Amino acid sequence: MIKVMLYLSTGFVTLSILVSIYRLIKGPSTPERTQALDALGINMIAGMGVFSVILRSTAFFEVILLLGILSFIGTIALAKYMERGVVIERRSSD
Amino acid sequence: MKEANDVILRTVSKAAVVIILTFSIHLFISGHHRPGGGFIGGLSFVAAIVLLFLVYGIDKVRRNIAVDFKKVAGIGVLISVFTGVGGMLAGKNFLYQTFGQVHLPVFGQTELATAVLFDVGVALAVIGTSLTIIMSIGDDR
């Protein structure tokens, strides 16, 4: 029973990733693409978690942490690009 | 340009940078038997520095980390090459490596490998190269 649930949830997470990719490519404006990228990263983390439960393995925890870090930095970079028009500033405000 | 209002970003990144640096050291020392090693350890170190660049601006980080990263890359490549030549001096092949079981005071029975020295060089080369590229193309001069 739990096996069926886990396989079904990987299927739904994959579906959600595909929908996020559609919005990432098709999205008319930059904020939608940023949101789609963040949701894509979170769905990848969730899929990896379910996958490591299926395999009963702890080998993917570092992948989960690294995906979280890179998704966080990517989202911050895109948000800062939308807000300030530049990703890395020379001088900070204070 | 209007004043930045990013208290949440600064507060979160102060904790996140420490976590990312700790994770990069963990990835670096967990090579060989589990996923990790010099390359990915160096890359996650660069991720932490990039987060600092994003939050605090390039000038402030350069003032506080007063290191020329081109020299870091060169020193890393030199360390890698010389640890490879060290195997030749002992009469073995280039990049020959060995390991042994050592009893350390705190860690107990530990396996120490000479490939870690090579990995230090790889990590320094990756850190220097990536940060040089990012500082060259990310500068809005």
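Residues numbered from 1 in each chain as written. Chains lettered and ligands numbered in written order. Predicted model: local features only at pLDDT ≥ 70, side-chain atom pairs only at ≥ 80, totals over all residues. Heavy atoms only, no water.

**Student:** Hey, could you run me through the overall build of chain A in this one?
**Tutor:** Looking only at helices and strands, chain A has three helices and zero strands in total. Taking 12 Å as the expected radius of gyration for a compact globule of 94 residues, we find that chain A reaches 17 Å, considerably beyond that expectation. Each of the three principal axes of chain A carries a C-alpha extent, and together these read 55 × 30 × 15 Å. Expressed as a percentage of the 94 residues in chain A, the buried residues total 34%. Taking the contacts inside chain A whose residues are at least 6 apart along the sequence as the reference set, 41% of them involve residues at least 24 apart. Of the accessible surface of chain A, which amounts to about 6,000 Å², a share of 71% is contributed by carbon and sulfur atoms. (Helix = DSSP H or I, 4+ residues; strand = E, 2+ residues; numbered from the N terminus. Rg over C-alpha atoms; globule rule 2.2 N^0.38 Å. Buried < 20%, exposed > 50% of the residue type's maximum accessible area, 1.4 Å probe, protein only. Contact = heavy atoms within 4.5 Å. Areas by Shrake-Rupley, 256 points an atom, 1.4 Å probe, with all protein chains shown as cover.)

**Student:** Help me out: how do you make sense of the nonpolar core in this one?
**Tutor:** The nonpolar side chains of a soluble globular protein tend to be buried, and buried together. Counting residues in each nonpolar core, the largest one holds 28 residues, and the members touching the most others are Ile69 and Ile73 of chain A together with Ile20, Leu51, Phe53, Leu54 and Leu131 of chain B. Within the residue set of this core, elements represented by two or more residues are α3 (61-84) of chain A together with α1 (7-29), α2 (38-56), α3 (58-64), α4 (69-89) and α5 (115-137) of chain B. Looking at which element gives the most residues to this core, the answer is α2 of chain B, with ten residues. Apart from the residues within four sequence positions on either side, Ile69 of chain A is in contact with Ile20, Phe23 and Ala47 of chain B. (Core = buried A, V, L, I, M, F, W, Y, C linked by side-chain atoms within 4.5 Å.)

**Student:** How should the pattern of salt bridges be read in this particular structure?
**Tutor:** Pairing between side chains becomes possible if they bear opposite charge and their charged atoms approach one another. All names here are of chain B. Inspection of every chain in the model, using the stated rule, returns two salt bridges over all chains. With its nearest N and O atoms 3.2 Å apart, the salt bridge here joins Asp6 to Arg10. Close ionic contact of Lys70 with Asp68 constitutes a salt bridge, the shortest N to O distance being 4.0 Å. In this structure Lys70 comes out as exposed when scored by relative accessible area, which is 56%. Residue Asp68 is classed as partly exposed on the basis of its relative accessible area of 33%. (Salt bridge = Lys/Arg side-chain N within 4 Å of Asp/Glu carboxyl O.)

**Student:** Hey, could you run me through the confidence of the model for chain B in this one?
**Tutor:** Close inspection of predicted coordinates is inappropriate in any region flagged by low pLDDT. When pLDDT is averaged across chain B, the result is 85; 96% of the residues are at 70 or more. We note a pTM of 0.84 for the whole complex and an ipTM of 0.82 for its interfaces. (pLDDT = per-residue confidence, 0-100.)

**Student:** Can you walk me through the packing of aromatic side chains in this structure?
**Tutor:** By convention here, two paired aromatic rings are described through the distance between centres and the angle between planes. Going through the model one piece at a time under the given rule, you end up with one aromatic pair over all chains. Ring centres of Phe51 of chain A and Phe60 of chain A lie 5.9 Å apart, and the angle between their planes is 70 degrees; on these two criteria the pair is classed as edge-to-face. (Phe/Tyr/Trp six-rings, centres within 6.5 Å; stacked < 30°, edge-to-face > 60°.)

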